[in-house]
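Architecture and fold: a report
So the chains spell out like this:
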Amino acid sequence: MLPKNKIIDWKNNLYNHQPDESVWAKIEENLDFQILLDRQLAELPMHKPDDKVWERIAANLPKNKKIVFRYKIISIAASIAAIMALSTFILLTNNENKHTTTALTPISESNMEQEAIAQIRTYCTANTSACEQGNFKELMQLYDELKTEETELKKAMHQLGDSPEMIQAMIKIENLKSETIQDMILLIQS
């Protein structure tokens, strides 16, 4: 664990890696292979089998099977769906009747983010010179834009329902906001 209030020069501690020449040679070979493949693909002969071949293949294909719904399976599925709908309804109505307790709740990620931004802004009001840098202003503007995008995406998810693409976009926005806050903190410390 790093000691508190110690400024670490991360830029000079990073390892600088240069790939070998053999790596570049392999990349060039792959590029040349793709070009050669594209050229040769256009020169390949086109082969069209006779109609008799297609008729023999079609004769060997299985015939259409009739889809038979089983009454028992459908009735079980319907009863499960009814039970799920009824239990959801009961849970929603009971949820309104529950009384809230005043227990201590752990800090959520959203609260931590808001607390971090509040501390950064408090620091900026006290030390305006550190926050007047162009990089810092860009990061703060990026954070505000990400916050706006997050709000818009949440509205869209509420209206349209959440799809995997929307969830991935939300995760990307959350990660970018986190990185932006970390970058602002690093700029303040330097």
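Structure's up top.
Please read all numbers here as calculations on a predicted model, not as lab measurements. (Residues numbered from 1 in each chain as written. Predicted model: local features only at pLDDT ≥ 70, side-chain atom pairs only at ≥ 80, totals over all residues. Heavy atoms only, no water.)

**Details of a nonpolar patch on the surface**
On the surface, a cluster of nonpolar side chains totalling about 370 Å² of accessible area is made up of Val23, Trp24, Ile27 and Leu31. By the secondary structure assignment, Trp24 is in helix α2 (residues 21-43). (Patch = residues over 30% accessible without salt bridge, like charges linked within 9 Å, V, L, I, M, F, W, Y side chains within 5 Å. Areas by Shrake-Rupley, 256 points an atom, 1.4 Å probe, with all protein chains shown as cover. Salt bridge = Lys/Arg side-chain N within 4 Å of Asp/Glu carboxyl O. Helix = DSSP H or I, 4+ residues; strand = E, 2+ residues; numbered from the N terminus.)

**Looking at the side chain of Glu113**
As for its placement among the helices and strands, Glu113 is situated in helix α5 (residues 109-126). Under the relative-accessibility criterion, Glu113 is labelled buried at 11%. Within the structure, Glu113 has its side chain in polar contact with the side chain of Tyr143 (distance 2.6 Å). With near-sequence residues (within four places) excluded, Glu113 lies in contact with Tyr143, Lys147, Glu174, Lys177 and Ile181. (Buried < 20%, exposed > 50% of the residue type's maximum accessible area, 1.4 Å probe, protein only. Polar contact = N/O pair within 3.5 Å; in protein donor to acceptor, adjacent residues only side chain to side chain. Contact = heavy atoms within 4.5 Å.)

**Things to note about the pattern of salt bridges**
A side chain of one charge can pair with a side chain of the opposite charge when the charged atoms of the two come close. Under the criterion given, the structure shown has 9 salt bridges. One salt bridge in this structure joins Arg121 and Asp144, with 3.2 Å as the shortest N-O distance. With Arg121 in helix α5 and Asp144 in helix α7 (residues 134-160), the pair connects residues that are 23 residues apart, well separated along the chain. On the basis of relative accessibility, which here comes to 39%, the residue Arg121 falls in the partly exposed class. A salt bridge links Glu150 to Lys154; its shortest N-O distance comes to 3.7 Å. Placement of the pair is Glu150 and Lys154 together in helix α7, with a separation of 4 residues, close to one helical turn.

**Some thoughts on the nonpolar core**
If you look at the biggest cluster of nonpolar residues, it comprises 13 residues, and the most contacted ones within it are Ile117, Ile120, Phe136, Ile181 and Met184. At the level of elements, α5, α7 and α8 (164-189) are the ones that each hand at least two residues to this core. Ignoring sequence-local partners within four residues, the contact set of Ile117 consists of Tyr143, Ile181 and Met184. With 6 residues, the next largest nonpolar core counts Met157, Met166, Met170 and Ile173 among its residues. (Core = buried A, V, L, I, M, F, W, Y, C linked by side-chain atoms within 4.5 Å.)

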